[in-house]
Amino acid sequence: MEGSFLMMRKLLSVAGLLLSGNAIAVAGEGATRDTIAAAGATPVVASISDVTLASVNSNLTSVNTALNTALNTTLASVSGAATVGLRVLSYNIQALPSPLKKGTAPLFARIAEMLQERRAKGTQPHVVLLQEAFDKKTDVILEQAGYRYILKGPGKKTKAKLGQAHWVQKTRKSYVKFTDPQKFMGSGLVILSDYPIIKGHHKSFNSDECAGIDCMANKSMQMARIDVPGLAQPVDIVNSHFNSRRSAKAPRKLSLKIHHKQTDKLKWFLKKTGVGNPVIVAGDFNTKQGARYEYFAKKIALTDAGTQCVSDNAGCIIAKGTKVEMVLFDTNDKHFYEASDTVSIAPYFIERNFAETLDGKELSDHLGYEIHYKLSSQPVAND
Amino acid sequence: MTNVATRACLGGFLFLLSFHISASDVDFRFSGKPIYIQSEDIEDDRKKDNWSGRLGIGIEVSPDFLGADGNTSALAFDFKGSYKERIFIENNKFGALLHKGKLLRAGIISRTIFGRDQNLVQADLGGLAEVDTAFELGLFAGTSFYKLFLTGEVYVDVSGVHKGFSAELEGGYTFEVNSSLTVTPILGAIWGSDRYMDRYFGIEEGASDVFRAYNADGGLYELYLEGALEQRLSKKWVLKASLRLSDLQGSAEKSPIVRGAGGSNSQVTGFFAVAWLF
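Residues numbered from 1 in each chain as written. Chains lettered and ligands numbered in written order. Predicted model: local features only at pLDDT ≥ 70, side-chain atom pairs only at ≥ 80, totals over all residues. Heavy atoms only, no water.

This brings us to helix 8 (residues 290-300) of chain A. Residue and element names in this part refer to chain A. Of the positions making up helix 8, those classed as buried are Arg292, Phe296 and Ile300. Buried residues of helix 8, viewed axially, fall in a sector of 30°; they line one side. Residues Glu294 and Lys298 are exposed on helix 8 and point more than 90 degrees away from its buried face. Buried residues along helix 8 sit against helix 7 (252-273) and strand 11 (333-338). Count one or two residues on from helix 8 and you reach Ala301, which has phi positive near 50°. (Buried < 20%, exposed > 50% of the residue type's maximum accessible area, 1.4 Å probe, protein only. Helix = DSSP H or I, 4+ residues; strand = E, 2+ residues; numbered from the N terminus. Arc of directions from axis to C-beta. Contact = heavy atoms within 4.5 Å.)

Below, the structure written as structure tokens:
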């Protein structure tokens, strides 16, 4: 492994080459996070069904040979560009407090353990965005997963000050109606980072920006400005959890209307916190419904990492076991991103993970959604 | 195709190498206490008006007097205004919110309650004296969990009309039928002190040509079931309606006023209005 790196360093210094961001079709079959990150072969490309490049994916054992061959070809030459990889995991861990959900402590301990195991292999996500981390028992993840920096989202007392609970009647005894936000749980948002978080912002949705029983949680947005070593600019990473649809037990039209309002608020939040850094927006946006997704994607106008990854010429690979629909439409968890003027960003690997069970119990009702991004301080040139 | 594959490998390797170099300054084997970063709230652009409320007009149907069999319908105005959600005036009530907690709201309140109009009672109650409008001071408290609510009010008369106390307790749940319609069923109970009850249901010796003297004791005197509806017409307009069915209990039910020809232990109150929200 080390030998490979040394050889690569030499090759790099001689040729001044950097990877091409262009797409090369690579079958998903056989491509796993560990073979990619730990075996040192970071696939750059993705395709969903093409199996013609199985040789590339069969653990990439002949990579040195391939490298030598490839050096004779013309690749993009972007001399002086600093490119770094950033692994970002978004994970709704369904940590509802007791008595809503019981027997969860072992599940959270297992999640922490899995992150530790990956850390030991050097493949851990650099940044983890948690949603529904309501329960105090989730502290095991915060304290033991090995992350140096933690940004917690608003608690239940950090209330939005404006708005009215939508169900409150205006007709009777309004002086004893609880028109202010009545929150019984915090935002459930947490950002864990290996890299320094140099700034943290949050905003809770107002009480007329929630519907149904979701209003009992202090649904919010949070932003961590992360100083990623090697990049000319920090990266702004936004985490949020939007209003659910059916489980909110709110009228459908209202639920959709509220989701649109939350989307508007996220757009506002991005504008308020944005300072021209590259941005990654990830979380549980509850956008599985077409009408929700369409409005959301159009409004925030960022690139959907999943869509980008599965599209042709995207330079991205989808992990073994991760179906295309699990990153496109059959999911409420999403990643979006936007480059800055000086830092380009693109996904190169996507995986839906944390699918294991513990004593027959799923770790969460969501899978993790992990994307490996490459960020370059100069735009990656095309060949 | 092989060339393509090798490019993929190369790209991956070079990228990893680049990343490996840039990330080498970071110790990923960190095992200490994490650093919790302070997060700052972003101020909202929205400004909340100090004043809010509603102004409506509609029709009200109510018993001619407490315990009456007959009802009167009349044009009615509906007004509510509040300042910073602390000071409020709502139809016949005026008060201030003193405690504004997550689970409890409480404050002081005053109200006026109509008595018995002489014109209405003359025929049915055999000349029984009218009861003036009373002015009462009191306390209120309310608790709510999601759409379930429970409120209580206690009043004492300061106008000398009945010189007693009364208390009202009601609870309900707001159903969202759709995005613009809410329906709230409410159950309530009202209690009155001896003096209060005697003023509205008692009969002094010789006070009436048709009723014997009656001394009403204090206690629970009214149970009611109410349905309240609110249909949002637009952002600023709302249609509202309510219907209350009451059953008089205890010494109120036994009162000759209630049991007589002009009385009834079943009471109906209704309200229908269109209101403008501000």
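The predicted coordinates should not be examined in detail at positions where pLDDT is low. All names here are of chain B. For chain B, mean pLDDT is 86; residues scoring 70 or higher make up 87% of the total. Across residues 1-11, where pLDDT falls below 50, the model places 34 contacts with residues more than four positions away in sequence or in other chains. In this model residues 17-24 is a low-confidence stretch, pLDDT under 50, and it forms 21 contacts with partners more than four residues away in sequence or in other chains. (pLDDT = per-residue confidence, 0-100.)

It is worth spelling out the packing of aromatic side chains at this point. One pair of aromatic rings is described through two measures. These are the centre distance and the angle between the planes. All names here are of chain A. Inspection of the entire model under this criterion finds 17 aromatic pairs over all chains. Consider the rings of Tyr293 and Phe336, whose centres lie 6.5 Å apart with planes at 25°: the pair is stacked. One end of the pair, Tyr293, is in helix 8; the other, Phe336, is in strand 11, with 43 residues separating them in the sequence. Since its relative accessible area comes to 22%, Tyr293 is described here as partly exposed. Centre to centre, the rings of Phe296 and Phe336 are 5.2 Å apart; their planes meet at 45°, and the pair counts as tilted. A residue pair is termed long-range when its members are at least 10 positions apart, and Phe296 in helix 8 and Phe336 in strand 11 qualify at 40 residues. By the burial criterion, Phe296 is buried, and Phe336 matches it. Linked through ring pairs, Phe205, Phe242, Phe285, Tyr293, Phe296 and Phe336 together constitute an aromatic cluster. Over the aromatic face of Trp268 sits the side chain of Lys265, whose NZ or CZ is 5.4 Å from the ring centroid. (Phe/Tyr/Trp six-rings, centres within 6.5 Å; stacked < 30°, edge-to-face > 60°. Lys NZ or Arg CZ within 6 Å of the ring centre and 35° of its normal.)

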